[in-house]
Structure formats: C-alpha cells, structure tokens
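# Reading the structure
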Amino acid sequence: MERRHVLVTGGAGYIGSHACKALAKANYIPVAFDNLALGHEKAVRWGPLVVGDIGDGDSLDRALAVYRPIAVIHFAAFAYVGESVRDPGKYYTNNVSGTLSLLEAMRRTDLRTMVFSSTCATYGEPKTSPIREAEPQAPVNPYGRTKWMIEQILEDYASAYGFQYAALRYFNACGSDPDGEIGEWHDPEFHLIPRAFMAVTGQIPHLEVFGDDYDTPDGTCIRDYIHVNDLARAHIQAVQYLLKGGKNCRLNLGTGQPTSVMEIIRAVERVTGRPLPRRLAPRRPGDPAVLFADPARAREVLGFTAEIKDITYMVQTAWNTYIDGQDLAQLHIGEVFQD
Ligand SMILES: NC(=O)c1ccc[n+]([C@@H]2O[C@H](COP(=O)([O-])OP(=O)(O)OC[C@H]3O[C@@H](n4cnc5c(N)ncnc54)[C@H](O)[C@@H]3O)[C@@H](O)[C@H]2O)c1
Ligand SMILES: O=c1ccn([C@@H]2O[C@H](COP(=O)(O)OP(=O)(O)O[C@H]3O[C@H](CO)[C@H](O)[C@H](O)[C@H]3O)[C@@H](O)[C@H]2O)c(=O)[nH]1
C-alpha cells in the first residue's frame, strides 16, 4: 500500500521526534514541520523536515500542498510553565495564535483531522487523583490556559467546519527511544529526570527537591510518568481512530501509576550507580501534591494502554541518551550525532 504522509508540527522536538519514528515504523511518512526554535535538525531522521513556523500561513500552505498529509499531529508549542507566567504574551501568541494559523491552513486545503498535544496542566490543582476527563478544567498558569483554549477552539472548529480531533492530555512524559537514536534534549531543561542527571554528572551542583512536606507517603510530590514511546503509539492509534470516523475526544494519557519525587531520585541512583546530590528547596508555586491519571477512557476509546510501567526502565532509557550541556550546544549546530 502507498505510504501516506502525516504532518507532525514540532517534529524536531522531544515527543514529536519519537512520534515520527513510531509513524515510520507503522508505515506512514512523517513530515516534521518545525521552526527549530527548540528542536534539533538531527532528531528528524524518518522523513522530511520542513523548517517553518506554524504562524506562517504561506509556509504551511506550501508544506500541505507538497505532501498532502492525511492528518496533522500538532506538538509545536512552548511548554515552560514558569516562563509562561513571566511572559504570557509569548505563550498566547505561539500556542494559541500559532494553532489558529495552522487550523486555518488546514481549512484552506480541506484537511480536517488533528491530534493535539494537550496536558494534564488543564486540570490545574484537582482535589483528588486519579483524574478523570470529566474533572473541571481549571488551569492555574498561562501555559495550561493556552492548551485549554485550544481544546475549546478545536470543539468550535469541529461544530462549525467538521473538524475531527483528539486532544491528548499527557501526564509527565519521560524516557527516550530504547534504540538510543533520539532523546530528551531540552535547553534549558526543567523536568525532574534530566535535572537529576545534570546533578549526577556535575552539570549543576545539586538537584533541588521542591518540598518534602506534602501530604504524601514520603512528603514529596506524586506524578504519573509515562514513557515517550507509549505516548508516540497513542498518537498513531488516535490518528487511525479518527480516520475510521471515531468521535472527537479528550483523553488522559498516563499509566495511572503514582510515583513520588523520592522514588525517581532512587531510580536515578540505581540506574546511574552514582549518588545524586540534592538539596531541599521550597515548594514550587503551582505544584499540586498529587497528579495521576485515570487511564480508563483512553483504553475504552482508543484501545490504548501504556505498556511501560517500570520506572527504572523509563529512567534507564533516558540515561542511555542523556547528553550534557556542552554536547547539547553542539547538537544545535549539528556537530554531533551525524547520521
Ligand atoms: N514534555 C512533557 O512532559 C509534556 C507534557 C504535556 C504536554 N506536552 C506538550 O507536548 C508537546 C511537545 O512537548 P515536548 O516536550 O516534545 O517539547 P519540545 O520543546 O521538545 O518540542 C516542541 C517543538 O515545537 C517546535 N516549535 C515551537 N514553536 C513552534 C512554532 N511556532 N512553529 C514551528 N515549530 C515550533 C520547537 O522547535 C520544538 O521542536 C508540546 O505541545 C507540550 O506542550 C509535553
Ligand atoms: O528540579 C526539579 C524539577 C522538578 N521537581 C519536582 O518533580 C515533579 C515533576 O516536575 P516536572 O517539572 O518534571 O513536571 P511537572 O509535573 O511540573 O509537569 C507539568 O509541566 C509539564 C510541562 O513541562 C507538562 O505540561 C505536564 O503535563 C505538567 O503537569 C514535580 O513535583 C516537581 O516539583 C523537583 O523537585 N525538582
């Protein structure tokens, strides 16, 4: 059968590049559309890279005309919670206006199928976990609000223009390609597991543990860590579900398994075989004590269940592709990881 194209905005980024690899394995041709603001050319290895901005309608029109994709998986966004509080304009412009520009380009070519990267940050600080999709949407920062706004825009585009969408609310993406071809290469990096590696390797003097007096068994925050390959697979299942005429949906993507910051710290020490220098720091504003998914709906709707449950394995895959700050700077200019 002819291999069909899928446009992957943000395809040079962390989750997007893993999705591209999974798409190619599933016999699609992933077309990465990325402005390389935060992504890496070297992470695009399974299909063409179009260097363009989702805010640029002409660039999108050209890519859609050349590749005629059957669907769009939309990862491109800024996703730093703290930065979104300091500079909300940057987030509303890139995430919300950028998505509107993309949706309008899709309308111009009569392409109406989108899988969208949403986040559990749309729930804000829910009173209880596991979190079901019906929980109130109450984001507590501009980043989360941009994602919730986009979900509502998608609903309006579905009603008025016949768009089909799946908004996938990820919990904490982690780990990397078990083959070691791509990894989580963020600069700057604020996520717990790569920050822990930075402390283990001396890139930073110590990991700050944001609070140990939460109402949790060991006092540290609890999250739901889902492996990036499981996330990638969920996106392909969502594309296939929509193309078969599946109903529009908003789904949690998590394992449903609660893991504390201390449990991550111990996994990092086990995997690296080194002590993790750490220091207690004040609670990070806006951090809920406990956040984990009820994954039942994604199973019912997409038939999706996260396969990787072992946190040590998740951390191991991340460690295998960890790149320190200096090499990461080189990755931007393409001097390492030659094909
Ligand atoms: N990492 C997580 O734990 C997590 C959790 C929930 C949701 N998400 C969402 O998943 C998506 C991907 O996250 P990630 O961790 O892979 O981030 P990432 O920064 O690694 O990838 C985002 C990519 O989008 C590109 N991009 C940004 N703005 C663009 C624009 N205007 N035009 C074209 N390209 C643009 C960047 O260059 C980058 O390659 C984001 O939408 C994020 O909000 C991530
Ligand atoms: O240096 C650190 C970094 C994190 N943490 C703790 O580790 C846990 C995980 O923190 P991350 O920053 O790795 O991720 P978040 O839980 O803040 O994730 C949120 O922000 C992400 C955006 O990057 C996603 O949108 C995700 O859905 C949303 O819940 C939190 O309890 C945090 O307090 C530390 O103790 N020290």
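Residues numbered from 1 in each chain as written. Chains lettered and ligands numbered in written order. Predicted model: local features only at pLDDT ≥ 70, side-chain atom pairs only at ≥ 80, totals over all residues.

Taking an unreviewed UniProt entry as the reference, the protein chain is identified by name as UDP-glucose 4-epimerase belonging to Rhodovastum atsumiense. Its UniProt record gives the protein chain the following Cofactor (unreviewed entry) comment, quoted word for word: "NAD(+)". The annotation that UniProt attaches to the protein chain under Subunit (unreviewed entry) is "Homodimer." (UniProt positions renumbered as here; feature names shortened; annotations may be inferred.)

## Examining the packing of helix H4 (residues 88-108) against helix H5 (residues 142-161)
Two numbers describe a pair of packed helices, the interaxial angle and the distance between the axes. At their nearest, the axes of H4 and H5 sit 9 Å apart, and the two run at 20° to each other. In this view, H4 runs roughly parallel relative to H5, as classed from their interaxial angle. The chirality of how H4 crosses H5 is right-handed. Counting all contacts with H4, which are made through Pro88, Tyr91, Tyr92, Asn95, Val96, Thr99, Leu100, Leu103 and Arg107, the residues of H5 involved are Pro142, Tyr143, Thr146, Met149, Ile150, Ile153, Tyr157 and Tyr161. A class-by-class count of the residues in the contact of H4 with H5 yields 13 nonpolar, 3 polar and 1 charged. (Axes fitted to C-alpha atoms, helices over the stretch in contact; angles between N-to-C directions. Helix = DSSP H or I, 4+ residues; strand = E, 2+ residues; numbered from the N terminus. Parallel < 35°, antiparallel > 145°, perpendicular 65-115°, else oblique. Left-handed = near helix turned anticlockwise from the far one by under 90°. Contact = placed C-beta atoms within 7 Å. Nonpolar A, V, L, I, M, F, W, Y, C, P; charged D, E, K, R; others polar.)

## Details of the site of ligand 1
The local shell around ligand 1 holds 28 residues, among which Gly10, Gly13, Tyr14, Gly39 and Ala77 are the closest. A per-element tally of the shell around ligand 1 places helix H1 (residues 14-25) first, with 3 residues. Split into classes, the residues belonging to the shell around ligand 1 amount to 13 nonpolar, 13 polar and 2 charged. (Near = placed C-beta within 6 Å.)

## Points about unusual backbone geometry
With an omega of 0°, the peptide bond between serine 129 and proline 130 qualifies as cis. Mapped onto the elements, proline 130 comes out in the loop between strand S5 (113-119) and H5. Cis geometry marks the peptide bond from aspartate 187 to proline 188, where omega comes out at 5°. Its place among the elements puts proline 188 in the loop between strand S7 (172-174) and helix H6 (192-200). Notably, asparagine 27 is not glycine yet its phi reads approximately 80°, a positive angle.

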